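A structural walkthrough
For reference, the chains in residue letters:
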Amino acid sequence: MAPTRIIISGASGLIGSALATSLEADGVEVVRLVRRQPRNAGEAFWEPGSGDLDPGLLAGADAVVNLNGASIGKLPWTGKYREVLRSSRLAPTRTLADAIRTLGKDAPMLVSASAVGIYGDRPGETLTETSGPGEGFLARLCVDWEAEALKAGPEAKVALLRTASLLHPEAVLK
């Protein structure tokens, strides 16, 4: 059996760095997509906002894990910062989905981050993965974010990873 190869965007973040470390400890080959000059063979350059990513970089990988996004823990969410939250999620996800779609049936699985914020604020209501989206900025952002991931195409396997805020000194506890 060939070794597993996972590509991670957002690998410098809290979840991404822990995931990369854990996978490497298990003998998985990890390639981190970086927006600066790569420092070693485990890194590959990309410009997530450009919409241009060589699909060959993803070819042969078992999965692409998309964890991009500016911190939701930075407050206040001014109009300008809301645009940062949107663009830091939607453009990279669109770029990855486009490259994956190009690979067709040979494309790696896309595991794309999203958030439980998709459900909005619904006190007292029992929510499941099949619950519809809620109202508000974060719910709309998550709907748009997931829609971009699903554009990877009908042949691509896509998993939407809805995480909650991380209770960590480098996250919302900062």
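In case you missed it, the structure is sitting above this.
Let me sum up the structure you'll find in this document.

**Describing the nonpolar core**
Among the nonpolar cores identified, the biggest contains 23 residues, and Ile6, Ile8, Leu23, Val30, Val65 and Leu85 are the most heavily contacted of them. Ranked by residues supplied to this core, first place goes to helix H3 (residues 137-150) with four residues. Not counting residues up to four positions away in its chain, the partners in contact with Val65 are Ile6, Ile7, Ile8, Ser9, Leu19 and Val111. By size, the runner-up hydrophobic cluster in this structure holds 18 residues, among which are Val31, Trp46, Leu58 and Ala99.

**Focus: the side chain of Glu148**
Among the structural elements, Glu148 can be located in helix H3. Under the relative-accessibility criterion, Glu148 is labelled buried at 8%. Among the polar contacts listed, one links the side chain of Glu148 to the side chain of Arg94, at a separation of 3.2 Å. For Glu148, the contacting residues outside a window of four places in its chain are Leu90, Thr93, Arg94 and Ala97.

**Side note on the sheet that holds strand S2 (residues 29-34)**
Strand order in the open sheet formed by six strands is S3-S2-S1-S4-S5-S6, with parallel pairing between adjacent strands. In this open sheet, the two strands that pair with only one neighbour each are strand S3 (43-45) and strand S6 (158-163). Direction aside, the axes of adjacent strands within the sheet are offset by 25° on average. Across five bridges, strand S1 (residues 5-9) lies against S2 in parallel orientation. Considered in S2, the bridge of Ser9 is made with Leu33. Sheet strands in contact with helix H2 (residues 79-103) are S1, S2, strand S4 (63-66) and strand S5 (109-115), and its direction is about 165° off that of S4. Packed on one face of the sheet, H3 meets S4, S5 and S6 and runs near 175° to S5.

**Regarding a nonpolar patch on the surface**
There is a patch of nonpolar side chains on the surface, built from Leu14, Ile15 and Leu166 and spanning about 190 Å² of accessible area. Among the structural elements, Leu14 can be located in helix H1 (residues 14-25).

**Some details on H1**
Given 3.6 residues per helical turn, the α-helix brings residues three or four places apart onto the same face. Compared with an ideal rise of 1.5 Å per residue, which puts twelve residues at 16 Å, H1 spans 17 Å between its outermost C-alpha atoms and is within 8% of the ideal. Along H1, the positions that sit buried rather than exposed are Gly16, Ala20 and Leu23. All buried residues of H1 project into a common sector of 70° when viewed along the axis, lining one side. Projecting away from the buried face of H1 at angles above 90 degrees are the exposed residues Thr21 and Ala25. Considering only its buried residues, H1 is in contact with S1 and S2.

Rules behind the numbers
- Residues numbered from 1 in each chain as written.
- Predicted model: local features only at pLDDT ≥ 70, side-chain atom pairs only at ≥ 80, totals over all residues.
- Heavy atoms only, no water.
- Core = buried A, V, L, I, M, F, W, Y, C linked by side-chain atoms within 4.5 Å.
- Buried < 20%, exposed > 50% of the residue type's maximum accessible area, 1.4 Å probe, protein only.
- Helix = DSSP H or I, 4+ residues; strand = E, 2+ residues; numbered from the N terminus.
- Contact = heavy atoms within 4.5 Å.
- Polar contact = N/O pair within 3.5 Å; in protein donor to acceptor, adjacent residues only side chain to side chain.
- Pairing = 2+ DSSP bridges.
- Axes fitted to C-alpha atoms, helices over the stretch in contact; angles between N-to-C directions.
- Patch = residues over 30% accessible without salt bridge, like charges linked within 9 Å, V, L, I, M, F, W, Y side chains within 5 Å.
- Areas by Shrake-Rupley, 256 points an atom, 1.4 Å probe, with all protein chains shown as cover.
- Salt bridge = Lys/Arg side-chain N within 4 Å of Asp/Glu carboxyl O.
- Expected span 1.5 Å × (residues − 1).
- Arc of directions from axis to C-beta.

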